[in-house]
Each structure stands twice: as structure tokens, then as C-alpha cells.
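Structural characterization, general
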Amino acid sequence: TTTTTTMPTTTPTDIVEPTTVIPTSATTTTAMPGTTSTTMTTTDSPVASSGKVLPVRNCYLAAPLQTGTGCEKLAEFAGAEFGLNEFGQETTGKRKCLERLRTVAGDTFVFELGRCEVWRCLVRPSLRASAFPIHVTSRPATSTSGPLSASFLGHHGKYLNVHSGPAMLYADAASEGPESEFHIIRNVDGSVALLHEGSGYLSVNPDGTLSVDEAAANTWESFTLQDNSDGTVSLKSFHGLYVSAQLDGRALANAGEKGDSERFRLANETSPTAPSEEPAEPNPKASVHSELCEYQEATGGRGAEELRAPVFVKLWEWNYVDVAKECTEYLGPNGFDAVQLSPVVEHKRGSQWWTKYQPISFGLNTRSGTAQDFQEMVAECRAAGVEVMVDLILNHMAIACDEAHHSPNTGAPCVGWNGSTYGHRRMSGARGWDEAGPEYFHHAPGHLGYGLCGVGAPSYLCGSLVTTDCSCCKCDLYGLPDWNTDLQEVLEIHFRHVRELHDMGVTMLRIDAALYEDVGQVSRVLNRFPWDYVQMEWWGEYPTGLHDKYIGNYGDGAMSWKIAHALATEKDLSKLPKVLGLAWGTFGVSNDKAIYAIANHDKRTDNAVQEVATYKNGLEFHQQQKFFLALPNLERVSLWGGFGWKSIDEGPPGCQGGGELCTPSSPFGAGGATNCMATPTQSPLPSESSDQNSWVCEHRWQGVAGLVAFRKACRGRAVTNLGNGGVDGRLAFRAGDDCMVALVRGSNWKWPQGFGSLGDWNLQGLQVGLPAGRYCNVAALSSKFMAGTVTECPSEVLVGGDGAVLSGSVPEGDLLAIYGGSRLPDRRLRSDRRRR
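Residues numbered from 1 in each chain as written. Predicted model: local features only at pLDDT ≥ 70, side-chain atom pairs only at ≥ 80, totals over all residues. Heavy atoms only, no water.

1. A few points about the sheet that holds strand E22 (residues 311–315)
Let me state the cut-off plainly: Strand pairing is assigned whenever DSSP detects at least two bridges linking the two strands. The secondary structure listing takes helices from DSSP runs of H or I that are at least 4 residues long and strands from runs of E that are at least 2 residues long, numbered from the N terminus. A fitted line through C-alpha atoms represents every axis, and for helices the fit uses only the stretch in contact; the resulting angles, taken between N-to-C directions, go from 0 to 180 degrees. By definition in these notes, contact holds between two residues if any of their heavy atoms fall within 4.5 Å.
The strand order around the closed barrel formed by eight strands is E22-E23-E24-E30-E31-E32-E33-E34, and the pairing between neighbours is parallel. The average undirected angle you get between the axes of adjacent strands in this sheet is 30°. Packing of helix H3 (residues 320–331) onto the sheet brings it into contact with E22 and strand E23 (338–340), and relative to E22 it is tilted by some 145°.

Below you can see the structure in the form of C-alpha cells.
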């Protein structure tokens, strides 16, 4: 360990800059410039009993952060607590770094194994500007001492400034100066205080005027500094009104909504400077986490300008040992970012898939494997470059067995998968700390055995016209006992469960039944941890902005339906080009707040239905999942690797007999090859193959792996429609300068569309505008294209010197994709080979 200050001999080896010494004892007291002292614990303290906690997300920005852009480094620490934990994971160290961040009122931390830096950036533009730049210059960096200073420039060209006698805020300064300069100080709760040198803190008066004469920052001096999409910021007072720059020169906190008058540009952002040397290259071992970034943003890396293209896959009901093998042999080598699992806690007995969604303890032994299997799988997947996403259930426990229902006061007569007992609204637990009685669940007043209310089909409402108002948060979903998260004891149980997962290396979550949980209560558990990604189960409700602010992205199923409609059910071929304009799925859920899943376990049907994307639709489904990967518009996508069914209640292969303790079979054969369905060639699949309860592994169908790499290279690029625009059912487009996709609508033997068979599409003569050369069609590959090692492909496209296709074709109902990274070596002329 190292230090930058002289430490007392009794102080553990922490680094703190510039002069603040923060020991690693259970409690720390610090005072930042312009703030009052705040005491916070740096160990696993009880979960907060009220309020909402902001998430600190992995920003995927290049480190180290650069000073001189509005960010200041508050403290730096080093020591064993930031090293690997008992599971060989760094996740506990990141959590400790997050605790330090909240101790010193920062908003950003940079973590490297053994080291933790805490920063304060205040606003999103400053954070992103501080990412390690694409082009490094020799400019001096600034020091880390002192708060950020800035001036606020209104839309009318005048600055917020302080008038003396009495000190009041106005918006009438024509230029910057001492009167318009404010220190922006971050409070522990995420709000800011504005300190004017020599006058005091900016404070809101009851009449909406703003004075600048308070010696200390309290409630009336607390503001929310909001980033706007146009690069401006807005100041919102504690009572919910925005600071407005009036045309007559007044400044008032009286606006309920943001308009031009409530938008300001930060000018003259300064921090004391001192020359220092900047590293020549980013540190690949360091990660940046902040309250100011979103989950899995579209850009990151150096200068926050590098395009990102996350690809996840749900391996539905796969055993842990098989997930580990899949991560090592297929997902990691082909560029998948994460694997999503079915729920991982002990569940009720039964062969159906939904038994995994009825937990009876927080033990980790399930039909997918033991806790040891789970731990080893997480380690192996992460070693292969694949993060693990757990389907987290904090909303409810299982419905009790018949014996407990008939005699609800008999205790815990039911037996779970691993032998733990449970009963009617009670669980004995598997860990000691997860025991819960009826009082831990929402119940009718005076009746512990009855739920407070219920929610389910057909309306899924609870006395309100919407569910986003938490009107159903205390109701039993489908009769499943609803945890009373108003109780501190329940929050502590949930925290211990989530902490164990995070310590084991789980960095991503899907929140089951998120709509039926209290946002504040969920945030107080989840946001004790710095996650790489969190998504919510979401059923199409119009968002209020609360869930994505404090929990995560919305699981969006509408995009899958829109693509299925465009490529399968739409009878008017002239409408096909509209599919290129898809920018959102669920109304009100923007692209930057959504994850688009091609399939969903809750939206399956017993038989093939064209509008519902499942493997039963055969080639149509495959074309749709290929298009999911090829369309540059979508920021985050999730694929599906599951099993077949005749009835949607069926569990995984190996559970066909209906036994209570069935063992799922492996998708791998004795020799290691997969026992998965072959890539389909027709739409829909015949019932004799679509009704088989066997492994399908849609994510392994031909072309998927090749298109993952295509997405990584081409996502986010501008789209240009090619040829005749796709009005005849044949659509081609270019993304950027060197990515091209072409597809042909297919035919369906069960549901004819009226336009007949379009046949294969010969691309000869199509002007695609790519550099001349041979290209491999990666949409026909079963593994990632490896440039420099491949000389032949099963499907190729030859582009001439004028940018037109010389040879290449797209099979009916399929998709073709080429890009600069799939260039093949040019073939030598036959006469050249003879001379050699």
C-alpha cells in the first residue's frame, strides 16, 4: 500500500488527497469546503429506513479521469479492502469504494484492484469530458483541491449575479465577474449548494426571490442540478420549482416546468491549477462509476466518444455447469457481454418453469445446480469476459402447498427444492437470517393469514387507473405473499441476499415484478452496490421517470412485436422501409432507457403465432433476431437461448415426467457438441418439431455469432436506404461508410401473405458504396469472423471499384450482412498463380 500524506501509526493504509485523512474504521466524520460535517458508516450498516438512494453505475468510460474539465478528485485510498474477496472477485472492493464515495460526498469513483479514487463532477457533461481523451495533449492538468466554480449564463445572454445590500440574486450581468461566480458544492443526498464568495449560500425565500446571505447550507439552500439534453443545466429548488432568469433582470424560483428561461449554460468552470503529467494511454484495469451516467450508455471509452453495442442473452433454465461451458466456449469468444439466468434462489418443488419464480428461501441450491456450481459458473463466465445477470425476486415468496392452505396455522409443512420448509405466508429459511413469519408480509389489518389486497388478470390494477403510482405495491401478485418492505427487518434480509450475489461476482440484475415494488425501498437495497447493469420487468406502462432514475432500464417487449409485424405479418410490402426508422418500442420509453429483448418467457404461446416472436415461427423468427442485431438504431439488445414446449407451463428438458424433483438435461452431448435444434428453413415449424420438449438454443443458430460482431462494429452509425428503398419486399441499407445489410421478406406455408414467393435476391448491380473487395456474409457464420485467418466463406459478396455489387445474393426469408471487418483477401488471377 502507499500513501500521499503522513498517517498516524494507528491509521490503516489509506490514501487521501489533498490533506484529509479518512481512516477505515467503522465510522468516519468529514467536512468538505462549504458543507456541514456528516457522519456515515463505511461498513455494512443497516439499510436506510427512508428516502431514495441514487444508483452509482458503471460508466464504461476510459480512466484515469482528467482534471481541468469540471471534475475534482476528493480522496484516494489504497489497501486490502479494495482487493479480491473470498470468492476471488473484486466486487466487494468496488462496494467499499462506493461507501467511501458517500462518506466524502462525492458522485464518482474510479476503481482499480487495490485502489479507490473518489471524485466530484457535479454534472454529466463534466464527467464525460473528464474521460481519458482520444487524442492526448501535453496540456497541464489541474490540481484536485478546492470546489468547482462556475457562472450561470441565461438564455437572454445575461449571467446570474449577486447584488449587494441586501445580497440578492439577479439575472442582469452582461459579463462574467466575481459577482457571477459560484462554488458548486455537492451534498450527501445528491443535491448541491451554491456558495458565493464573501456573501454566503444561495437561498430560496418564500416569495420565490433568492437571497445570498446564509452562512450555512440547509434545506432552503438545497438545489437539484439537472442536465438537459441541449447541454444546458437547470436549478430546481427543494420545493420543486425551477430558478428562472426573467427578461427584466430578476431571478426567481417560481417555475413549475422548464422552458428557455430555466436553462443555463455553465461558463468559466474553474478549479485551481497546477502542472502535472498526463498518462499517454488509458488504464484498462480501472473502471469509472458515477451517479451522473446511465446504465450501458451508447457511447463510452476514450473521450466518452467510442460507440458501444451491448449484447445479452438469456439462457433459460440452463444448468449452471452448462452456462459456464457456454460462456467459455461460445458466448465469450463471440463477443456476448452478459448472460441472464433464471432465478437463483431455492424455489418450490415442481416441474413447471414458473416454480423457479416462487422462492421459499434465499438459499442458492436450485434445480439449476448447487451454490458451489453457481459460484464457479460466475467465476468462469467472468473469466471469459461475460458478466452474469441474475433474475432477482424481492417482491414475493411462493404460494404454500395444499396442506398449509387447508391448515394455515400449522407452521411450515411444505418442503422446497433443497429441503427448506415453508408454509402459508412464512418461510423457515435456509441461511438462518432468511427466516420470515406472516408479519413480514403485507396483510389485512388484524389478519396475518390474509393478504392486504390482490393483483392479477385481467386488469392488473389496484383501485387506480395506473400501476406506476405504486397502488399495487402492497398487494399479493397472483396470490403470492407480498414482502412488507416497509419493515427494516425485511430490507435487511433482502440486502444480505443481494450482498451475497454481488460478492460472488454478480454485476447485473433483472428485477422481477418491478412495477409492484416501492421505488424508494428497492433503491435503498440495490443502490448500496455499484452495478454494471439493472433492468426491470416492464409491461408497457407509460413511465413517470422515477423507476429509471432510481432502479434501471425498462425491459421492452414492444420492439420485438414491431419487428415481427414489419418482417412477417405486414401484407403491404411498400411499408417495409419503415422498419429502418424504428427508434423506440414501448410508448414513452426512450431508446436510451430500454433493453430490447427478442423473446420473453411470459409472452409465449402454446402454438406458433406470427405476432409473437418464438422459435415456433421458424425462419421468420430467425430473420427477426438477425435484424435485431443488424439494425444500428437499438442501443441494448437481448437474445434468447431456451427450450421447446408443447404447453407453455412445461419446464426444461428432463422434467417432462412432471416429477417434483426433476433434473434438467444438458444441452451438451457426451462429446461436448450441443444437442440443440438445427437452424430452421421454413415458417412456421411443423408441430412434430416445434412441440418437442428439447433444447432449441436460438442464440446458436447460424448467423447469430457473426452478427454480434457486426453489431459491435456498426451500431450507432447513420443509416442510408439503398436500391429501390425496399418497397418490393427487398430491403438494403448501409450503416456508416462500410457496413451493409440486405434482406428479403419470406413466405409462410400456414399464413400466406398474398404476395407469393419473392425468391432469392441477386444483388448484382446494387450500388452499396463500400470499398472494392471480397466480403464475407457474417449473417451466414456460426462463429465470429476472424480477419486474417479466414480465406473462404459459405456466402460472399464481391464489390467492384465503383461501389456496386458484382456478385452476391440473399436467400428468401433471410438476411445478409457485410462490413469492413469482414473483408476477405483478394483472389489472385489464375495467370498470376501459374507464373508462381
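Right, picking up where we left off after that structure.
2. Side note on the packing of aromatic side chains
Note the cut-off: Any two of the Phe, Tyr and Trp rings considered here, Trp counted by its six-membered ring, make a pair once their centres fall within 6.5 Å; the pair's planes then place it as stacked at under 30 degrees, edge-to-face at over 60, or tilted in between. Only protein chains enter the accessibility calculation, which uses a 1.4 Å probe; a residue whose area is less than 20% of its type maximum is buried, one above 50% is exposed, and one in between is partly exposed. Counted as over-ring charges are cases with an Arg CZ or a Lys NZ within 6 Å of the ring centre that also lie within 35 degrees of the ring normal.
Enumeration according to the criterion identifies 28 aromatic pairs in this entry. Ring centres 5.6 Å apart and planes at 85° place the aromatic pair Phe 710 and Tyr 819 in the edge-to-face group. Residue Phe 710 is located in helix H12 (residues 704–714), and its partner Tyr 819 is located in strand E43 (residues 815–819); the two are separated by 109 residues in the primary sequence. By the burial criterion, Phe 710 is buried, and Tyr 819 matches it. These aromatic residues form a ring-pair network of at least three members: Trp 316, Trp 318, Trp 353, Tyr 357, Tyr 615, Trp 640, Phe 643, Trp 645, Phe 668 and Trp 695. The ring of Tyr 295 carries Arg 57 above its face, with NZ or CZ at 5.0 Å from the centroid. When the ring centre of Phe 77 is taken as reference, the NZ or CZ atom of Arg 100 above it lies at 4.6 Å.

3. Notes on the packing of helix H1 (residues 91–103) against helix H6 (residues 488–504)
The condition is simple: Roughly parallel refers to an angle under 35 degrees, roughly antiparallel to one over 145, roughly perpendicular to one between 65 and 115, and oblique to any angle outside these ranges.
Their axes nearest at 7 Å, the elements H1 and H6 cross at an angle of 120°. On the basis of their axis angle, the class for H1 and H6 is oblique. In this structure, H1 uses Thr 91, Thr 92 and Arg 95 to contact H6, whose residues at the interface are Arg 499, His 502 and Asp 503.

4. Re empty space enclosed by the protein
Operational definition: Here a cavity means grid points, on a 1 Å grid over the protein atoms only, where a 1.4 Å probe fits yet cannot get out; a pocket means an open set of points with protein on both sides within 12 Å along at least five of seven lines; lining residues are those with an atom within 4 Å of a point. Grid points are joined across faces, edges and corners, and a volume is the space filled by probe spheres set on the points. Polar here means any residue other than Ala, Val, Leu, Ile, Met, Phe, Trp, Tyr, Cys and Pro, which are nonpolar, and Asp, Glu, Lys and Arg, which are charged; Gly is therefore polar.
What the rule picks out here adds up to seven cavities of 30 Å³ or more. Arg 510, Gln 535, Ala 597, Ala 599 and Asn 600 are the residues nearest the centre of the largest cavity, which is lined by 19 residues in total. Mapped by element, the contributors of at least two residues to the lining of the largest cavity are strand E31 (533–536), strand E32 (553–556), strand E33 (594–597) and strand E34 (637–641). A class-by-class count of the residues in the lining of the largest cavity yields seven nonpolar, seven polar and five charged. The calculated volume of the second largest cavity comes to roughly 60 Å³. The wall of the second largest cavity is formed by Leu 394, Thr 485, Leu 491, His 494, Glu 517, Asp 518, Gln 521, Val 522 and Val 525.

5. Let's talk about the state of the cysteines
Going by this rule: Any pair of cysteine sulfurs within 2.5 Å is marked as a disulfide.
All chains considered together, the criterion is met by twelve disulfides. Disulfide pairing is shown between Cys 453 and Cys 475; the S-S distance is 1.9 Å. Classification of the bridge connecting Cys 453 and Cys 475 rests on its S-S torsion, roughly -90°, and on that basis the disulfide is left-handed. Note that Cys 453 is positioned in the loop between strand E27 (426–427) and strand E28 (454–455) and Cys 475 in the loop between E28 and strand E29 (476–477), a separation of 22 residues in sequence. At a sulfur-sulfur separation of 1.9 Å, the disulfide partner of Cys 776 is Cys 793. Between Cys 776 and Cys 793, the S-S dihedral sits near -100°, and the bridge is therefore left-handed. You can see Cys 776 sitting in strand E39 (residues 773–776) and its partner Cys 793 sitting in the loop between E39 and strand E40 (796–799), a full 17 residues away along the chain. Under the relative-accessibility criterion, Cys 793 is labelled buried at 14%.

6. Things to note about the environment of Leu 619
Positionally, Leu 619 belongs in helix H10 (residues 619–630). For Leu 619, a relative accessible area of 16% gives the class buried. Sequence separation between Leu 619 and Val 323 is 296 residues, and the spatial gap between their C-alpha atoms is 26 Å. Those residues within four positions of Leu 619 in sequence are excluded, and the remaining contacts are Pro 680, Thr 681, Gln 682, Ser 683, Glu 812 and Gly 813.

7. Topic: a nonpolar patch on the surface
The line we're drawing: Patches here: salt-bridge-free residues with over 30% relative accessible area, like charges joined within 9 Å, nonpolar side chains (Val, Leu, Ile, Met, Phe, Trp, Tyr) joined within 5 Å. Under the convention used here, a 1.4 Å probe and the Shrake-Rupley method define accessible areas, while residue burial counts only the protein chains that appear. By convention in these notes, a salt bridge is any Lys or Arg side-chain nitrogen within 4 Å of a carboxyl oxygen on Asp or Glu.
A contiguous nonpolar patch, built from Tyr 542, Trp 584 and Phe 587 and spanning about 390 Å² of accessible area, is present on the exposed surface. The exposure class of Phe 587 is exposed, given its relative accessible area of 58%.

8. Observations concerning helix H7 (residues 519–526)
As a reminder, the rule being used: Polar contacts, as counted here, are pairs of nitrogen or oxygen atoms within 3.5 Å of one another; within protein the pair requires one atom able to donate a hydrogen and one able to accept it, and residues that are adjacent in sequence qualify only if both atoms are side-chain atoms.
Across the eight residues that make up H7, a large majority, eight, are buried. Buried residues belonging to H7 abut strand E24 (387–392), H6, strand E30 (508–511) and helix H8 (546–550). Here H7 starts with a cap whose side-chain oxygen sits 3.0 Å from the backbone nitrogen of Gly 520, and that cap is Asp 518.

9. Section: the confidence of the model for the protein chain
Operational definition: pLDDT measures how confident the predictor is about each residue, on a scale from 0 to 100.
For the protein chain, per-residue confidence averages 89 on the pLDDT scale, and 90% of positions sit at 70 or higher. A low-confidence stretch, residues 137–147 stays under pLDDT 50, and its non-local contacts, those more than four residues away or across chains, total 36 contacts. Below pLDDT 50 for its whole length, residues 829–836 participates in two contacts with residues either more than four positions away or in separate chains.

10. Here's the deal with the layout of surface pockets
Quantified by volume, the second largest pocket comes out at close to 750 Å³. Asn 58, Tyr 60, Pro 284, Ala 286 and Ser 287 are the residues nearest the centre of the second largest pocket, which is lined by 29 residues in total. Grouping the constituent residues of the lining of the second largest pocket by class yields twelve nonpolar, seven polar and ten charged.

11. Describing the sheet that holds strand E25 (residues 414–415)
Strand order in the open sheet made by the three strands is E25-E26-E27, with antiparallel pairing throughout. The sheet is open, and its two borders are formed by E25 and E27, each paired with just one other strand. Where strand E26 (residues 421–423) lies against E27, two bridges are found, and the strand directions are antiparallel. For Gly 423, the partnering residue across the bridge sits in E27 and is Arg 426.

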